[in-house]
Amino acid sequence: MNKKTIIKKADEKDALKEAASLLKSGGLVVIPTETVYGLGANALDARAVENIFKAKGRPSDNPLIVHISDISELNNLVKNITSAAKIAMDKFWPGPLTLVMEKSDIIPNIITAGLDTVAIRMPDNMVARQIIRLAGLPIAAPSANTSGKPSPTNVEHVIEDLFSKVDMIIDGGKTIVGVESTVLDVTGDIPMILRPGDVTREDLLEVFNQVEEDISIMKDDKNIIPKSPGQKYKHYSPKANMKIITGDLENIVVRINELEKKYREKGLKVGILATVETMDKYKEENLLVLGSRKNPKEIAAKLFFLLRKFDKMNVDIILAEGIEEIGIGSAIMNRMKKAAGFDIEKV
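Below, the structure is looked at part by part. Quick caveat, the model's predicted, so the values are computed rather than measured.

Conventions used here
Residues numbered from 1 in each chain as written. Predicted model: local features only at pLDDT ≥ 70, side-chain atom pairs only at ≥ 80, totals over all residues. Heavy atoms only, no water. Helix = DSSP H or I, 4+ residues; strand = E, 2+ residues; numbered from the N terminus. Buried < 20%, exposed > 50% of the residue type's maximum accessible area, 1.4 Å probe, protein only. Contact = heavy atoms within 4.5 Å. Lys, Arg positive; Asp, Glu negative; His and termini not counted. Charge placed at Lys NZ, Arg CZ, Asp CG, Glu CD. Axes fitted to C-alpha atoms, helices over the stretch in contact; angles between N-to-C directions. Parallel < 35°, antiparallel > 145°, perpendicular 65-115°, else oblique. Left-handed = near helix turned anticlockwise from the far one by under 90°. Nonpolar A, V, L, I, M, F, W, Y, C, P; charged D, E, K, R; others polar. Phe/Tyr/Trp six-rings, centres within 6.5 Å; stacked < 30°, edge-to-face > 60°. Lys NZ or Arg CZ within 6 Å of the ring centre and 35° of its normal. Pairing = 2+ DSSP bridges. Polar contact = N/O pair within 3.5 Å; in protein donor to acceptor, adjacent residues only side chain to side chain. Salt bridge = Lys/Arg side-chain N within 4 Å of Asp/Glu carboxyl O. Arc of directions from axis to C-beta.

### Notes on the overall build of the protein
Consideration 1: On a plain count of helices and strands, the protein comes out with ten helices and 16 strands.
Consideration 2: By the burial criterion, 59% of the 347 residues in the protein qualify as buried.
Consideration 3: Of the contacts formed within the protein by residues at least 6 apart in sequence, a portion of 69% connects residues at least 24 apart.
Consideration 4: Each charge sign in the protein was given a centre, from 49 positive and 49 negative side chains, and these centres are 4 Å apart.

Dropping the structure here:
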């Protein structure tokens, strides 16, 4: 797949119209959202969607999220909008919440990996919504990266992975959230989180009496049949092996320093992923700081950026501090565990 890729700033004249025109004609366009950059194609065109999988090298049993610009666009895409779906849309749309609903026949099977449900969201990004509105189409858009790598939070990441594989890249600057949307299944009696994100379990419990979590969120199970993106396979991974140390913070620091010495003596280049609270407790020169534990949203926004930075530093192994799994910390640890292939040590 060797294309002449056009790169334009979101505020360039007619850039969004050109992006919409390419999508209508079956092209691939990378668009910014508030979570991460998305690789977009006409969700109703199976051939265009197939090109998403080819460009990313994405397994075909991994469903895609369909993006819309207005709630009215749901009518043709789903068979039933449950009361739970209506509550969630009213509270959290536009925003980083994807809803899994019963799909209509208009949705190609390639989008849903053959499931009878489809994942849909309305992004809280004016550029993304304007492109969708101009195209007059629902847009399928997984993260705009090579499958398995950390998701892109700026246009440089997109260019690294997909230049010459897509028709157009719209540069909308750095993304705000930094991790993919929460995915919530609203087809049953009790809403179920299939993937954690910026809309947290605690947020959802403010509007629902009960919320369940799918076992795949924190479990390494190759037999899972994915109902949403991010449930199967090793995801979000840097080039280096990654190990997460969890537990009491003082013990985490001690153990990371022990491991750093051990790996360094073996001749390995070690990277440490730390927080503001502990950064002065490490001597390793390849130290990157996620942010403060008091501000987990900052950590979420920087996670994928720093994992890609480790790639450029050519480290052999990354030792990462675990984060408390409360609020968006659940989403951070979900991404970190999958990036590490569930190599976790509790101390």
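### Some remarks on the packing of helix H1 (residues 15-24) against helix H5 (residues 126-135)
Consideration 1: The N-to-C vectors of H1 and H5 enclose an angle of 50 degrees; their axes lie 8 Å apart at closest approach. Classified by the interaxial angle, the pair formed by H1 and H5 is oblique. Like other packed secondary-structure pairs, H1 and H5 cross with a definite hand, here right-handed. Residues Leu 16, Lys 17, Ala 19, Ala 20, Leu 23 and Lys 24 of H1 touch H5, and the partners they reach there are Val 127, Gln 130, Ile 131, Leu 134 and Ala 135.
Consideration 2: Split into classes, the residues belonging to the contact of H1 with H5 amount to eight nonpolar, one polar and two charged.

### A word on the packing of aromatic side chains
Consideration 1: For the coordinates displayed, the defined rule picks out zero aromatic pairs.
Consideration 2: Taking the ring centre of Phe 305 as reference, the NZ or CZ of Lys 174 above it sits at 5.8 Å.

### Considerations on the sheet that holds strand S5 (residues 97-102)
Consideration 1: Spatially, S1-S8-S2-S3-S7-S4-S6-S5-S9-S10-S11 is the arrangement adopted by the eleven strands of the open sheet, whose pairing is mixed. The open sheet terminates on both sides in strands that have one partner only, identified here as strand S1 (6-9) and strand S11 (212-213).
Consideration 2: Across four bridges, S5 lies against strand S6 (residues 117-121) in antiparallel orientation. Looking across to S6, one finds that Glu 102 is bridged to Thr 117.
Consideration 3: Packed onto the sheet, H1 meets S1, strand S2 (29-31), strand S3 (38-42), strand S7 (139-140) and strand S8 (168-171) and runs at close to 145 degrees relative to S8.

### With respect to the environment of Pro 63
Consideration 1: By the element assignment, Pro 63 lies in the loop between helix H2 (46-56) and strand S4 (65-67).
Consideration 2: Exposure remark for Pro 63: the relative accessible area of 5% places this residue in the buried category.
Consideration 3: Distance in space between the C-alpha atoms of Pro 63 and Pro 142 is 8.9 Å, their sequence separation being 79 residues.

### A short note on the environment of Asn 42
Consideration 1: Among the structural elements, Asn 42 can be located in strand S3.
Consideration 2: Taking C-alpha positions, Asn 42 is 8.4 Å from Leu 28, a pair spaced 14 residues apart along the chain.
Consideration 3: Among all residues touching Asn 42, those that are not within four sequence positions of it are Leu 23, Ala 48, Val 49, Leu 137, Pro 138 and Ile 139.
Consideration 4: At 2.9 Å, the side chain of Asn 42 forms a polar contact with the backbone nitrogen of Leu 44.

### Examining the pattern of salt bridges
Consideration 1: Applying the stated criterion to the full structure yields 20 salt bridges.
Consideration 2: Asp 161 is paired through a salt bridge with Arg 308; the nearest N and O atoms lie 2.8 Å apart. Residue Asp 161 is located in helix H6 (residues 155-162), and its partner Arg 308 is located in helix H9 (residues 296-313); the two are separated by 147 residues in the primary sequence.
Consideration 3: Among the residues examined, Asp 161 registers a relative accessible area of 5% and is labelled buried.

### Here's the deal with helix H3 (residues 83-92)
Given 3.6 residues per turn, any residue in an α-helix points the same way as the ones three and four places further on.
Consideration 1: Those residues of H3 not exposed but buried are Ala 84, Ala 85, Ala 88, Met 89 and Phe 92. Down the axis of H3, the buried side of the element spans an arc of 130 degrees, and every buried residue falls inside it. Exposed side of H3, more than 90 degrees from the buried face: Ser 83, Lys 86 and Asp 90 are the residues found there.
Consideration 2: Where H3 is buried, its residues contact S5 and helix H7 (201-204).

### Examining the sheet that holds strand S15 (residues 317-321)
Consideration 1: Across the sheet, which stays open at both edges, the five strands sit in the order S14-S13-S15-S12-S16 with parallel pairing between neighbours. Each edge of the sheet is formed by a strand with only one pairing partner; in this case those strands are strand S14 (287-289) and strand S16 (344-346). Each strand axis lies, on average, 20 degrees off the axis of its neighbour in the sheet, ignoring direction.
Consideration 2: Here strand S12 (residues 241-246) runs beside S16; their pairing, made up of three bridges, is parallel. For Thr 246, the partnering residue across the bridge sits in S16 and is Lys 346.

### A look at the pairing of strand S10 (residues 192-195)
Consideration 1: Direction of pairing for strand S9 (residues 182-185) relative to S10: antiparallel, over a ladder of three bridges. Considered in S10, the bridge of Asp 185 is made with Met 192.
Consideration 2: Counting the residues in the hairpin turn of S9 and S10 gives six residues.
Consideration 3: The sheet contact formed by S10 and S11 spans two bridges and is parallel.

### Some details on unusual backbone geometry
Consideration 1: Along the chain, Trp 93 connects to Pro 94 via a cis peptide bond; the corresponding omega equals -10 degrees.
Consideration 2: Its location among the elements puts Pro 94 in the loop between H3 and S5.
Consideration 3: Positive phi outside glycine occurs at Ser 164, with the angle close to 80 degrees.
Consideration 4: Assignment of secondary structure puts Ser 164 in the loop between H6 and S8.
Consideration 5: Positive phi, close to 55 degrees, is recorded for Asn 314, a residue that is not glycine.

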